[in-house]
Amino acid sequence: MINAHLRKALSKQTWQPAIRDWLKNTLATGLINLTALVVSGLFVWLLSDVVLHGLPKLSWGFVFDAPRNAGRAGGIAPIIVSTSWILLVAIAAAAPLGLATAVLLTEFTRPASRFGRCVEASVGVLAGVPSIVFGLFGNAFFCVYLKLGFSILSGGLTLACMVLPILIHTAVEGLRAAPDEYRQAAAALGMSRSAALLHLLIPAAAPALLAGLLLGIGRAGAETAALIFTSGYVDRMPGSWLDSGRALSVHIYDLSMNVAGGDANAYASALVLIVLLLTINSLAMALTQHWLHKKMIRL
Amino acid sequence: MKKIGLIAILILIGFITWSVRQQPNNLQATSAANESTSKLVLTGSSTVAPLAAEIGKRFEALHPEVRIDVQTGGSSRGVNDARSGLADIGMASRALKADETDLQAQTIALDGIGIILHSSNPVATLDKQQIIDIYTGKIVNWQAVGGRDAPITVVNKAEGRSTLELFLQFFGLKNTDVKPQVVIGDNQQGIKTVSGNPDAIGYVSIGSAEYEAEHGVAIKLLPLDGIAASVENVRNQSFPLSRPLNLVTKTAPTGLIKTFIDFAHSEQVDDLIAAQYFVAVPR
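Residues numbered from 1 in each chain as written. Chains lettered and ligands numbered in written order. Predicted model: local features only at pLDDT ≥ 70, side-chain atom pairs only at ≥ 80, totals over all residues. Heavy atoms only, no water.

Draft legend 1. Examining the overall build of chain A more closely. Looking only at helices and strands, chain A features 12 helices and two strands. For chain A, the N- to C-terminal ordering of α and β elements is α-α-α-β-β-α-α-α-α-α-α-α-α-α. The C-alpha atoms of chain A give 25 Å as radius of gyration, which overshoots the globular expectation for 299 residues (19 Å, by more than 25%). Seen through its C-alpha atoms, chain A measures out along the principal axes to roughly 80 × 60 × 40 Å. Counting all 299 residues of chain A, 43% fall into the buried class. (Helix = DSSP H or I, 4+ residues; strand = E, 2+ residues; numbered from the N terminus. Rg over C-alpha atoms; globule rule 2.2 N^0.38 Å. Buried < 20%, exposed > 50% of the residue type's maximum accessible area, 1.4 Å probe, protein only.)

Given below as structure tokens:
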């Protein structure tokens, strides 16, 4: 209503379109800036909350000690080790499978074929499954049916199932974005398909593959529901991949929701988790940069 | 480049064969666990789990050849896993029900359940009928029980939680009668929900509520039937709403399972029980 009135009043005089445009532009810019501010403000607020509460508790002792008194005292060394193992198992299992599926979908099947559509649809469905369902499936399949018990292996493989759709999806997007000229030129030069894939297409898709990998690691590292029933609750230093090991996210959840007086250490653990994920991310990015650079020189 | 790929594939194959090779050993370990050679698996109540894990650590220190693995999932799961043999010992934060008498339970500690309000709430006491009316939605405003004019936020526990079962049983309610605004899971979540909402009412474990209230969290415990909700009154068993924390086994415990349960029931763990804000059983 008001808008319509305003527009009417404004359009009566000839000099007003200029003002109207100026108003529109300022408003649009302002809104966009506000959105950016809200998004980054949210991030800063979240991070500063964790840093402010977590930093006083954080020390070398906290990182290298075992938890005591249900995690209220002591550190989180075994939990960091378990988390790293779980992530490693998850990525080691999911990355090759995800890349292979993406290659199959983009290079060896036509997008319109029934098989390709079936695979893509099932990946889409898998991406929408809530993590607690993965947890229950992982518990029933890996822990009970395959008799792996509550173990790092069960937890990692459950997470692998969970991040697989992300990896496949981003890898497919990346490979599809590689120009067809590459494939044609490779064929014209008599390169084998695997050589073209290895030397042209995968390097071309590398940024997308990396983005998918980082998203996957991020999702896996933040996962609680899928892990509490698979890798379990034991906060001892894991001796093998068949030992139960508590993940950082499970530890944070337990300290904040189940253990009275565990908040301070929950914040410190959250800070460690954030730092761990950031380190993995920057490491992966640096590695890819390095690798791409070498590749370009050789090309 | 080819070399790196080859190495990666070799590592992957090595990983897979290693895990497959390990599997038979693991099978043996799980079947042998019943004869209690080296590893005890406990599953169940999230309330008991931190205590059981601490008792387990002390037990491991005394018996270096033994490993105690504690997993959570709720009391019902503890009972089911103990019955199915998936766990050596189940943890339940309630007494066994009538249809669970085929199992054996050993109480290792007591826990009281208290009604909590936000500390700014002027209401100092509620009688049984008032609490029932609030939880069934007959009273929806604090004014009706002498408080300020504000709608009541009823915080209830999720299905399958033993705190819920105990609460319902004590007040003679069915879960379908309860009209909650918030449904929560673990204990600390209840404390956080009520401390963050001046008009909320909830019920949580007394020990941790007492600890949090002493440490400046904005909650207060209400007396029940005129008896103050305190650890002391749970210990002398005068507080009416309390529950046992049980270790459940399928058959009368023998061997290592018996050693562990006896240890968990001895005065050697009294300090651990107090550290988790529970109450040691009178022996």
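Right, picking up where we left off after that structure.
Draft legend 2. Fine view of the environment of Ile217(A). Following the sequence through the fold, Ile217(A) ends up in helix α9 (residues 193-221). Those residues in contact with Ile217(A) that lie beyond four places of it in its chain are Leu87(A), Ile91(A), Leu277(A) and Ile280(A). (Contact = heavy atoms within 4.5 Å.)

Draft legend 3. Fine view of the pattern of salt bridges. Tallied over the full model, the rule gives 24 salt bridges over all chains. In this structure, Arg236(A) engages Asp69(B) in a salt bridge whose closest nitrogen and oxygen atoms are separated by 3.1 Å. Here Asp69(B) lies in strand β2 (residues 67-72) and Arg236(A) lies in the loop between α10 (225-228) and α11 (248-257), a pairing that spans two chains. We note a salt bridge from Arg243(B) to Asp111(B), for which the minimum N-O separation is 2.7 Å. (Salt bridge = Lys/Arg side-chain N within 4 Å of Asp/Glu carboxyl O.)

Draft legend 4. Spotlight on the interface of chain A and chain B. Contacts between the two partners involve 38 residues from chain A, matched on the other side by 37 residues from chain B. Viewed at the interface, chain B and chain A are joined by five salt bridges. The shortest N-O distance in the salt bridge between Asp235(A) and Lys57(B) comes to 3.3 Å. For the side of chain A that touches chain B, the secondary structure elements donating two or more residues are β1 (67-68), α4 (77-108), α6 (131-145), α11 and α12 (263-298) of chain A. Broken down by element, the residue count for the side of chain A that touches chain B peaks at four residues, all from α12(A). Grouping the amino acids of the side of chain A that touches chain B by side-chain chemistry returns 21 nonpolar, eight polar and nine charged. (Nonpolar A, V, L, I, M, F, W, Y, C, P; charged D, E, K, R; others polar.)

Draft legend 5. Molecular detail of α11(A). With eight of 10 residues buried, α11(A) is to be regarded as a mostly interior element. All of the buried residues in α11(A) are Leu248(A), Ser249(A), Val250(A), His251(A), Ile252(A), Asp254(A), Leu255(A) and Ser256(A).

Draft legend 6. Region of the structure containing the confidence of the model for chain A. Chain-level statistics for chain A give a pLDDT mean of 88 and a share of 93% at 70 or above. Considering each helix and strand of chain A separately, the mean pLDDT is smallest for helix α1 (residues 2-11) of chain A, with a value of 62, and largest for helix α7 (residues 152-177) of chain A, with 94. (pLDDT = per-residue confidence, 0-100.)

Draft legend 7. Quick look at the domain arrangement of chain A. All names here are of chain A. According to the domain assignment, chain A contains domain 1 (2-57) and domain 2 (60-298). Distance between the C-alpha centres of domain 1 and domain 2: 37 Å. Listed as interface residues are eight residues of domain 1 and, on the opposing side, nine residues of domain 2. Buried area between domain 1 and domain 2, both sides added, is near 710 Å², and the carbon and sulfur share of it is 78%. (Domains from an automatic or database assignment. Buried area = accessible area lost by both parts, 1.4 Å probe.)

Draft legend 8. Local environment of the side chain of Thr43(B). Residues and elements named next belong to chain B. When you line up the elements, Thr43 lands in strand β1 (residues 39-44). For Thr43, a relative accessible area of 1% puts it in the buried group. One polar contact links Thr43 to Asp81, side chain to side chain, over a distance of 2.9 Å. (Polar contact = N/O pair within 3.5 Å; in protein donor to acceptor, adjacent residues only side chain to side chain.)

Draft legend 9. Summary view of a nonpolar patch on the surface. Side chains of Leu31(A), Leu34(A), Leu37(A) and Val38(A) sit close together on the surface and give an oily, nonpolar patch of about 410 Å² of accessible area. Relative to the helices and strands, Val38(A) is located in helix α2 (residues 16-54). (Patch = residues over 30% accessible without salt bridge, like charges linked within 9 Å, V, L, I, M, F, W, Y side chains within 5 Å. Areas by Shrake-Rupley, 256 points an atom, 1.4 Å probe, with all protein chains shown as cover.)

Draft legend 10. Structural context of α9(A). The end-to-end C-alpha distance of α9(A), which contains 29 residues, comes to just 35 Å, noticeably less than the 42 Å that a straight helix rising 1.5 Å per residue would cover. Roughly 55 degrees is the biggest bend found in α9(A), and it falls at Ala206(A), with proline Pro207(A) one to four residues downstream. (Expected span 1.5 Å × (residues − 1). Bend = angle between axes of the 7 residues up to and from the residue.)

Draft legend 11. Local environment of the packing of aromatic side chains. This model, assessed by the stated rule, comprises 14 aromatic pairs over all chains. Between Phe167(B) and Tyr203(B), the aromatic rings sit 3.8 Å apart at their centres with planes inclined by 0 degrees, giving stacked as the arrangement. Of this pair, Phe167(B) sits in helix α5 (residues 162-171) while Tyr203(B) sits in strand β7 (residues 200-205); the two residues are 36 residues apart in sequence, bridging distant segments of the chain. Between the aromatic rings of Phe170(B) and Phe171(B), the centroid separation amounts to 5.0 Å while the plane-to-plane angle is 85 degrees, which identifies the pairing as edge-to-face. Like Phe171(B), Phe170(B) is buried. Site record: aromatic cluster; members linked through ring pairs are Tyr135(B), Phe167(B), Phe170(B), Phe171(B) and Tyr203(B). In this arrangement the basic side chain of Arg246(A) is found over the ring face of Tyr233(A), its NZ or CZ atom lying 4.2 Å from the centre. The aromatic ring of Phe170(B) is capped on one face by Lys128(B), whose charged end is 4.4 Å from the ring centroid. (Phe/Tyr/Trp six-rings, centres within 6.5 Å; stacked < 30°, edge-to-face > 60°. Lys NZ or Arg CZ within 6 Å of the ring centre and 35° of its normal.)

Draft legend 12. Layout of the packing of helix α2 (residues 49-62) of chain B against helix α9 (residues 255-264) of chain B. Residue and element names in this part refer to chain B. It is the contact of α2 with α9, at a shortest axis distance of 10 Å, that shows an interaxial angle of 120 degrees. With respect to their mutual orientation, α2 and α9 come out oblique. For the element pair α2 and α9, the recorded crossing hand is right-handed. On the side of α2, the interface is formed by Ile55, Gly56, Arg58, Phe59 and Leu62, while α9 contributes Leu256, Thr259, Phe260, Phe263 and Ala264. Of the residues belonging to the contact of α2 with α9, the class tally is seven nonpolar, two polar and one charged. (Axes fitted to C-alpha atoms, helices over the stretch in contact; angles between N-to-C directions. Parallel < 35°, antiparallel > 145°, perpendicular 65-115°, else oblique. Left-handed = near helix turned anticlockwise from the far one by under 90°.)

Draft legend 13. Summary view of unusual backbone geometry. Residues and elements named next belong to chain A. One non-glycine residue with positive phi stands out, namely Asn69, at about 50 degrees. Along the chain, Asn69 falls in the loop between β1 and β2 (73-74). For Asn69, a relative accessible area of 25% puts it in the partly exposed group.

Draft legend 14. Fine view of the nonpolar core. Ile76(A), Leu159(A) and Leu248(A) are the most contacted members of the largest nonpolar core, which totals 61 residues. Grouped together as the second largest cluster of nonpolar side chains are 36 residues, Val123(B), Ile132(B), Val145(B) and Tyr203(B) included. (Core = buried A, V, L, I, M, F, W, Y, C linked by side-chain atoms within 4.5 Å.)

Draft legend 15. Quick look at the packing of α4(A) against helix α5 (residues 114-128) of chain A. Residues and elements named next belong to chain A. Interaxial distance between α4 and α5 falls to 10 Å at its minimum, and their mutual angle equals 145 degrees. The handedness of the crossing between α4 and α5 is left-handed. Across from Thr101, Leu104 and Leu105 in α4, the residues of α5 making contact are Phe115, Gly116, Val119 and Glu120. For the contact of α4 with α5, the class distribution of residues is four nonpolar, two polar and one charged.

Draft legend 16. The arrangement of the pairing of strand β3 (residues 89-92) of chain B in detail. All names here are of chain B. Side chains Ile89 and Met91 of β3 all project onto a buried face; the interleaved residues Gly90 and Ala92 project onto the opposite face, where all are buried too. As paired elements, β1 and β3 share three bridges and run parallel to each other. What sits directly across from Thr43, in β3, is Gly90. As paired elements, β3 and strand β9 (residues 242-249) share three bridges and run antiparallel to each other. From the neighbouring strand, Met91 faces β9, where its bridge partner is Leu247. (Pairing = 2+ DSSP bridges.)

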